[in-house]
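Summary of structural features
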Amino acid sequence: MVGNSWPQMKPQTRNMMVRMDPDTFFYNFYNRPILSHRNTVWLCYEVKMKTNDRSRPPLVAKIFQGQVYSKPQHHPEMRFLHWFRKWKLHSDQEYEVTWFVSWSPCPVCARNVAEFLAEDRKVTLTIFVARLYYFWDPHYQKELRRLCQRGDSPHATMQIMSYGEFQHCWDKFVDNQRLYKPWNKLPKHYTLLHITLGEVLRHLMDPGTFTDNFTNDPSVLGQHRTYLCYELEHLRNGTWVLLHQHRGFILNEASTNPGFPEGRHAELCLLDLISFWKLDLAQCYRVTCFVSWSPCFSCAEKVAEFLQENPHVTLRIFAARIYDYQRGYKKGLRRLDRVGASISMMKYSEFKHCWDTFVDYQERPFQPWKGLAEHSQALSGRLQAILQGN
């Protein structure tokens, strides 16, 4: 029994199946972030014994389904928990459970799963979700955070389904007669959901990742990826007020990722995200970015176009380093400056703010690296020369 919230129900495997129809899969696992008329929740699951052999096949791999508007005890998450407690082979065996779910859990299911994991510490759970259910609702957010919170208590790991997970489900859970072909905009939808889940769960960056990628020492090589930390503010009565629900960090999607054949720069992911927020056109908003590399020419052009088309949004950019590996980068930075974007190099205050706001620093204060101030001053002078046309 898990507290007093565990429903009284008879053992049942109703609505359990091994394979689903291809059209059912495409219809229900389509990952557009805002989607109506998808009232059936599909949960594909795999149960393995925890071993060092990662290639070992699962003991069980089947499917539960349920309706989002039915009573929680009939949701597939609850059906799985009830089934697993009856099925579990050995009480002393450690199990790895993986879910692939069309919707993220409702608050009642999230709470019961969290209590289940606290009760049975020999079970680890990874949840891949195609879409986030009521992700804007604070109650739903709170229960998802409780389910996935880190610390001493057991927790689930939740991620957004990407190309690899959709491919896996197609191969393992769909009665397919053809190769998996992803739908249009799967990568864009994944990115929006991935960033949104990070906002909901309040993901933080690893300290080493921050230091390695945001260092402004020109002698340090190997920073081939772009990290972008962002904050959103709303102008109220002449004062900028921080909107804490829209704060997080973005990593560019590399073209080597099979789900992103064309890649996606962090700045373009941010533009997609701002559009996704559906900000009130009658209000004024300010987005502040702290980015490991200044925008390339192509991204600068697209950001400038976005700002011209969305006058209710202003943008401040603080960059750790100047990206000068492609032709036209100076022209792109000047274009941003002309349309009103504020562009500066990160100084000690911005690095410390990022450390305090976006990094899992675990009570360790920010320690500036050697030469931070000198590098920042030199880069600021170089940027000003670029913006002045030199």
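One can find the structure itself at the top, above this paragraph.
Predicted, not measured: the structure shown is a model, and the values here were computed from it.

1. A look at the packing of aromatic side chains
- Taken as a whole and assessed by the stated rule, the structure comprises 44 aromatic pairs.
- Relative to F84, the ring of F80 lies with its centre 5.8 Å away and its plane at 20°, an arrangement referred to as stacked. Here F80 pairs with F84, and both are found in helix α2 (residues 76-87), just 4 residues apart, close to one helical turn. Note on accessibility: F80 and F84 belong to one class, buried.
- Between F84 and F116 the ring centres are 6.0 Å apart and the planes differ by 85°, which places this aromatic pair in the edge-to-face class. Taken together, the positions of F84 in helix α2 and F116 in helix α3 (residues 107-119) put the pair 32 residues apart, joining distant regions of the chain.
- Looking at F84, the relative accessible area reads 0%, which means it is buried.
- The class for F116 is buried, based on a relative accessible area of 3%.
- Over the ring of W103 we find R131, and its NZ or CZ is 4.1 Å from the ring centre.
- Geometry around W293 places R321 over its ring, the cationic atom sitting 4.0 Å from the centre.

2. Observations regarding unusual backbone geometry
- Located in the positive-phi region is Y134, a residue other than glycine, with phi close to 50°.
- Mapped onto the elements of the fold, Y134 is located in the loop between β4 (123-131) and α4 (138-148).
- Given the relative accessible area of 30%, Y134 is considered partly exposed.

3. Re the side chain of R38
- Within the secondary structure, R38 sits in the loop between α1 (22-29) and β1 (40-49).
- Despite its burial, R38 pairs with no opposite charge, the nearest such side chain being D23 at 11 Å.
- Reaching out from R38, the side chain makes a polar contact with the backbone oxygen of Y27 at a distance of 2.6 Å.
- In this view, R38 contacts Y27, Y30, V68, W103 and R131; residues no more than four positions away in its chain are not counted.

4. Remarks on the sheet that holds strand β3 (residues 95-103)
- Read from one edge to the other, the open sheet built from 5 strands follows the order β2-β1-β3-β4-β5, with strand pairing classed as mixed. Strands with a single pairing partner mark the edges of an open sheet, and in this sheet they are β2 (60-67) and β5 (157-160). Here the strands of the sheet are splayed against their neighbours by 20° on average, with no regard to which way each runs.
- Bridge analysis of β3 against β4 gives 8 bridges, and the strand direction is parallel. Counterpart to Y95 in the pairing with β4 is V123.

5. Here we look at α4
- Those residues of α4 not exposed but buried are Y140, Q141, E143, L144, R145, L147 and C148.
- If you follow the buried residues of α4, they end up packed against α3, β4, β5 and α6 (186-201).
- Among the residues of α4, the N-terminal cap falls to D137, whose side-chain oxygen and the backbone nitrogen of H139 are separated by 2.8 Å.

6. Comments concerning the pattern of salt bridges
- Applying the stated rule across the entire model yields 12 salt bridges.
- A salt bridge links K50 to E94; the nearest nitrogen and oxygen atoms lie 3.7 Å apart. Taken as a pair, K50 in the loop between β1 and β2 and E94 in the loop between α2 and β3 lie far apart in primary sequence, 44 residues in all.
- Residue K50 is classed as partly exposed on the basis of its relative accessible area, which comes to 32%.
- Here E94 falls in the partly exposed class, since its relative accessible area comes to 35%.
- Salt bridges sharing common partners tie together R111, E115, E143 and R146.

7. Structural notes on the pairing of β4
- Of all 9 residues in β4, 7 are buried, a share of seventy percent or more.
- Crossover connection from β3 via α3 to parallel β4: handedness right-handed.
- Pairing geometry for β4 and β5, over 4 bridges, is parallel. Opposite V129, over in β5, you have I160 as the bridge partner.

8. Quick notes on the nonpolar core
- In this structure, F80, F84, W99 and L147 are the most contacted members of the largest nonpolar core, which totals 88 residues.
- Here this core gets 9 residues from one element, more than from any other, and that element is helix α8 (residues 266-277).
- Ignoring anything within four residues of it in the chain, the contact list for L147 reads A110, V113, A114, L117, I127, H155, A156 and M158.
- Among the nonpolar cores identified, the runner-up in size contains 18 residues, and A130, M161, V174 and L186 belong to it.

9. Thoughts on the sheet that holds strand β8 (residues 285-293)
- The 5 strands lie next to each other as β7-β6-β8-β9-β10, forming an open sheet whose pairing is mixed. The outermost strands of the open sheet, each flanked by one partner alone, are β7 (239-251) and β10 (342-345). Neighbour-to-neighbour, the strand axes of this sheet turn through a mean angle of 20°, independent of strand direction.
- With 8 bridges connecting them, β8 and strand β9 (residues 313-321) associate as parallel partners. What sits directly across from F290, in β9, is F318.
- Sheet strands touched by helix α11 (residues 348-358): β6 (227-236), β7, β8, β9 and β10. Its angle to β6, the strand with the most contacts, is close to 90°.

Basis of the calculations
- Residues numbered from 1 in each chain as written.
- Predicted model: local features only at pLDDT ≥ 70, side-chain atom pairs only at ≥ 80, totals over all residues.
- Heavy atoms only, no water.
- Phe/Tyr/Trp six-rings, centres within 6.5 Å; stacked < 30°, edge-to-face > 60°.
- Helix = DSSP H or I, 4+ residues; strand = E, 2+ residues; numbered from the N terminus.
- Buried < 20%, exposed > 50% of the residue type's maximum accessible area, 1.4 Å probe, protein only.
- Lys NZ or Arg CZ within 6 Å of the ring centre and 35° of its normal.
- Lys, Arg positive; Asp, Glu negative; His and termini not counted.
- Salt bridge = Lys/Arg side-chain N within 4 Å of Asp/Glu carboxyl O.
- Polar contact = N/O pair within 3.5 Å; in protein donor to acceptor, adjacent residues only side chain to side chain.
- Contact = heavy atoms within 4.5 Å.
- Pairing = 2+ DSSP bridges.
- Axes fitted to C-alpha atoms, helices over the stretch in contact; angles between N-to-C directions.
- Right-handed = clockwise from strand over helix to strand, strands pointing away.
- Core = buried A, V, L, I, M, F, W, Y, C linked by side-chain atoms within 4.5 Å.

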